[in-house]
Amino acid sequence: MNKPLRRIAIFCGLLVLALLIRDNWIQYVQADELRSDKKNRRVTIERYASPRGNIIVGGEPITGSAESSDSDFKFKRTYKDGAMWAPVTGYASQAFGATQLESIEDGILTGNDDRLFFRNTLDMLTGKKQQGGNVVTTLNAAAQKAAYNGLKRQGGKGSVVALEPSTGKILALASFPSYDPSSFAGNSTTTDTKAWQKLQKKNNPNDPMLNRALRETYPPGSTFKVVTAAAALEDGLYTSADAKTDSPDPWIMKGTTTKLPNEGNIPCKNATLRVALQYSCNTVFGKIGSDLGNDKMLDMAKKFGFDEEQFTPVRANASVFSDKMNPSQTALSSIGQFNTAATPLQMAMVASAVANDGKLMKPYMVDELQSPGLDPIQKTDPEELSQPLSAENAQILQSMMETVVDKGTGSNAKIPGVKVGGKTGTAQHGVDNSENPYAWFISYAKGEDGSAPVAVAVVVEDDNAVRDDISGGGLAAPIARNVMEAVIDSKK
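Note that the structure is predicted; figures quoted are calculated from it, not measured.

> Where do I start with the nonpolar core in this structure?
Considering soluble globular proteins, one finds that nonpolar side chains tend to be buried as a cluster. Counting residues in each nonpolar core, the largest one holds 116 residues, and the members touching the most others are Val 160, Phe 285, Phe 304, Phe 306, Met 365, Leu 397 and Val 456. Broken down by element, the residue count for this core peaks at ten residues, all from helix α18 (residues 472-490). Excluding its chain neighbours within four sequence positions, the residues that come into contact with Val 160 are Ala 147, Leu 151, Ala 172, Leu 173, Ala 174, Ala 213, Val 456, Ala 457, Val 458, Ile 479 and Val 483. The next biggest cluster of nonpolar side chains, apart from the first, holds nine residues, and it includes Tyr 91, Phe 184, Ala 195 and Leu 199.

> Quick question: what am I supposed to make of helix α8 (residues 141-154) here?
At 3.6 residues per turn, the α-helix brings residues three or four places apart onto the same side. Under the 1.5 Å per step criterion, the end-to-end length of α8 is 20 Å for 14 residues, consistent within 8% with the ideal 20 Å. Those residues of α8 that sit buried are Ala 143, Gln 144, Ala 146, Ala 147, Tyr 148, Gly 150 and Leu 151. Packing partners of the buried residues in α8 comprise α4 (82-89), β8 (157-163), β9 (170-176), β20 (454-461) and α18. The N-capping residue of α8, defined by a side-chain oxygen 3.0 Å from the backbone nitrogen of Ala 142, is Asn 140. Taken from the residues just after α8, Gly 155 is the one with a positive phi, measuring 85°.

> When you look at empty space enclosed by the protein in this model, what are you seeing that I'm missing?
It is the rolling of a water-molecule-sized probe over the atoms that shows where space remains empty. Applying the stated criterion across every chain yields a total of one cavity of 30 Å³ or more. The calculated volume of the largest cavity comes to roughly 60 Å³. Surrounding the largest cavity, 13 residues form its lining, Tyr 48, Arg 52, Phe 75, Lys 76 and Arg 77 being those nearest its centre. Mapped onto the lining of the largest cavity, the elements with two or more residues apiece are β4 (75-79) and β5 (92-93). Top element by residues in the lining of the largest cavity is β4. It accounts for three residues. Classifying every residue of the lining of the largest cavity by side-chain character gives five nonpolar, four polar and four charged.

Rules of the game
- Residues numbered from 1 in each chain as written.
- Predicted model: local features only at pLDDT ≥ 70, side-chain atom pairs only at ≥ 80, totals over all residues.
- Heavy atoms only, no water.
- Core = buried A, V, L, I, M, F, W, Y, C linked by side-chain atoms within 4.5 Å.
- Buried < 20%, exposed > 50% of the residue type's maximum accessible area, 1.4 Å probe, protein only.
- Helix = DSSP H or I, 4+ residues; strand = E, 2+ residues; numbered from the N terminus.
- Contact = heavy atoms within 4.5 Å.
- Expected span 1.5 Å × (residues − 1).
- Polar contact = N/O pair within 3.5 Å; in protein donor to acceptor, adjacent residues only side chain to side chain.
- 1 Å grid on protein atoms, 1.4 Å probe; cavity = no way out; pocket = protein on both sides within 12 Å on 5 of 7 lines; lining within 4 Å.
- Points joined across faces, edges and corners; volume = space filled by probe spheres on them.
- Nonpolar A, V, L, I, M, F, W, Y, C, P; charged D, E, K, R; others polar.

Below, the structure written as structure tokens:
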């Protein structure tokens, strides 16, 4: 070969090598980047070319898919009772992405999860279109309906969480006001975009897209006294529900000249733990917190799950009990005020642990992931999170909470033929407590065999209510009762 031809051959070989390198670089190195590029509509078109798998409650889908006529995306998401289930499902929108279960389990729902590889390969060989799998939840449809309708009837804002104490299964997760994810599931600039804009907090002060059950922290008020009572029993400061406490009334907070007041003329002087919880004595539980000190109270709060985010698998904000507080601040925090804040999920966990003889189970809402052929891909096993208190002390605390419902402020939660334990709370907030308080109720129901099928936390915000009419027993307890009844009836 002469010299010019050799040079041309070498040059052509280099061009071919460069082409191969570039081709492999694009296919393997840049593949993920190109696939996720917003300008690459082919990937997005393919994403919506098939119906999504479904989110299942009680054997029935609460989601679906419908053919879309307003874009080149063939299928869009639909929801049954979308507003009721939005705190569970989140949304899947062609225009605005996905959240919560729709986002976390997107791979299963679209069929792109690596665990569906062999199924997808088989479908490709047989010419069948790729299908999405299903997400089977732990939710109880009757309990969710009772929770959502109860909040809706109340007319304000609020949320409900119900758990199965023995497993940690989430049975209800409601937030109000809510939104219908179907209203912006498509990609239309006239309908979907306008619906989305109306729901944004800047345009809607009620913030319907806020998941109040998981993402809002409230002062828990007197419901936190259950945690303080648990700390007193576990520490041995008091060993019986019916022995008198060392609790003067009035009680002046340590290091101050400020009296900690009780609400009304109630028998709080040296009251027993049972009577103190029954009448919700601030002096008793404030002094207990101060006597135990910040470190011991913080340790108990953490055992119940405070100061740590929870993943259900949807993330829940961390509830708060502060460190490095002085005795008077610890006293106020021990009655659920000052800097104490909790999500409704957190307070449902407190009630659940007490009902489950002191054992706190990790809360979860996904029971199983399924392939398109309904074969199980992943099953969630119940997991113990902690043991905040012994079985003996949990049973003492149960007897105290049951007195609250039988003879105290929680009587609106009574269910005929069912043993119910509970604790009310009216949590002050705002500058100088100027805002309407939050109405709380936490509770559990026990069956004839002694097992507890359900524990509930309810919080109600009602800006329009008359301040003196707001109470946990009046506003929140009836909702909790209806949710517990729904769970009990569904098991019959």
